[in-house]
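# Observations on the model geometry
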Amino acid sequence: MKSILFTFSFIVLVACSNNDNVKSNPYIPNYSFNTGGLININLPEYSQLQFSGNHVILSTYGFKGVVLYYVGGNQYTAYELTDPNHVPSSCSLLSVEGVIATCGCDDGNSYDILTGSMREGTTGGYTLKPYLVEVSGNIIRVYNN
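The model shown is predicted, which means the values in this text are computed figures rather than measured ones.

Each helix and strand in the chain was counted, giving 1 helix and 10 strands. The helix and strand sequence of the chain, counted from the amino end, reads α-β-β-β-β-β-β-β-β-β-β. Per-residue burial over the chain gives 37% buried out of 145 residues. In the structure as shown, the chain presents an accessible area of about 8700 Å², 54% of it carried by carbon and sulfur atoms.

What follows is the structure, given as structure tokens:
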């Protein structure tokens, strides 16, 4: 019985550490950052995050900026604001309208900022680069290890 449990644990450990669904994006460097306690939803510049369906752009974090979106309840999403399917350029910066982030390049790639997924017609094989979000009362911390 112990050997079966050990074998099962080993298989799960190996399967979790070798995830083929996660691709390393060659266009977006993996910068480490941490907003710490700077995002307080009681401050005027972040107060829209008290209402679901709103977002803020954190232009000084991430590679080219981060979009922080309030889903509702205690749920927020945060994604890199550069198109993951382009070499970084002036047109690859994403603009956000509602829950859709769109690049300014000729192909008009677009992504859902709720899930990070590509929308129909988007070219390439990469979804938006997600960042970690932690909520503690009125303070939101966005970070990347």
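Once that is clear, we can look at the packing of aromatic side chains. Between two aromatic rings, the relevant description is the distance of the centres plus the angle of the planes. Evaluated as defined, the whole model comprises 4 aromatic pairs. Ring centres of F33 and Y131 lie 4.8 Å apart, and the angle between their planes is 80 degrees; this geometry places the pair in the edge-to-face category. Placement of F33 in strand β1 (residues 33-34) and of Y131 in the loop between β8 (110-112) and β9 (132-136) is noted, with a sequence separation of 98 residues between them. Their ring planes at 25 degrees and their centres at 4.6 Å tell us that Y70 and Y76 sit as a pair that is stacked. Classification of Y70 as buried rests on a relative accessible area of 10%.

Moving on, we come to the nonpolar core. Grouped together as the largest cluster of nonpolar side chains are 16 residues, with contacts concentrated most on I39, L49, L58, V66, L68, I140 and V142. Ranked by residues supplied to this core, first place goes to strand β4 (residues 66-72) with 3 residues. Not counting residues up to four positions away in its chain, the partners in contact with I140 are T35, G36, I39, I41, L49, L68, Y76, V133, E134 and V135. Listed in part, the 12 residues of the second largest apolar core include L81, A101, C105 and I113.

Let's shift gears to the state of the cysteines. One covalent bond between the sulfur atoms of two cysteine residues makes up a disulfide. Tallied over the entire structure, the rule returns 1 disulfide. One disulfide in the model links C91 with C105; its S-S distance is 2.0 Å. Here the S-S torsion is close to 85 degrees, and the disulfide linking C91 with C105 is therefore right-handed. Pair noted here: C91 is in the loop between β5 (75-80) and β6 (94-97) and C105 is in the loop between β7 (100-103) and β8, with a separation of 14 residues, a long-range link. Here C105 falls in the buried class, since its relative accessible area comes to 10%. Here C103 stays unpaired: no disulfide links it, and the sulfur of C105, its closest cysteine neighbor, is 4.2 Å away.

Turning our attention to the pairing of β6. The side-chain alternation of β6 yields one buried face, formed by L94 and V96, and one unburied face, formed by S95 and E97. Counted between consecutive antiparallel strands, the loop separating β6 from β7 contains 2 residues, among which G98 sits at a positive phi close to 65 degrees.

Quick look at the sheet that holds β4 now. Strand order in the open sheet formed by 3 strands is β3-β4-β5, with antiparallel pairing between adjacent strands. Of all the strands in the sheet, just β3 (55-58) and β5 have a single pairing partner and so form its edges. For this sheet the average axis-to-axis angle between neighbouring strands, irrespective of direction, equals 20 degrees.

This paragraph deals with the sheet that holds β7. Taken together, 3 strands build an open sheet; the order of strands is β6-β7-β8 and the sheet is antiparallel. Of all the strands in the sheet, just β6 and β8 have a single pairing partner and so form its edges. Going from strand to strand, the sheet's axes swing by 25 degrees on average, the running direction of each strand aside. As paired strands, β7 and β8 are joined by 3 bridges and run antiparallel to one another. Within the sheet, the bridge partner assigned to I100 lies in β8 and is D112.

Reading the values: rules and limits
Residues numbered from 1 in each chain as written. Predicted model: local features only at pLDDT ≥ 70, side-chain atom pairs only at ≥ 80, totals over all residues. Heavy atoms only, no water. Helix = DSSP H or I, 4+ residues; strand = E, 2+ residues; numbered from the N terminus. Buried < 20%, exposed > 50% of the residue type's maximum accessible area, 1.4 Å probe, protein only. Areas by Shrake-Rupley, 256 points an atom, 1.4 Å probe, with all protein chains shown as cover. Phe/Tyr/Trp six-rings, centres within 6.5 Å; stacked < 30°, edge-to-face > 60°. Core = buried A, V, L, I, M, F, W, Y, C linked by side-chain atoms within 4.5 Å. Contact = heavy atoms within 4.5 Å. Disulfide = S-S within 2.5 Å. Pairing = 2+ DSSP bridges. Axes fitted to C-alpha atoms, helices over the stretch in contact; angles between N-to-C directions.

No statement about biological role is implied by the geometric values presented.
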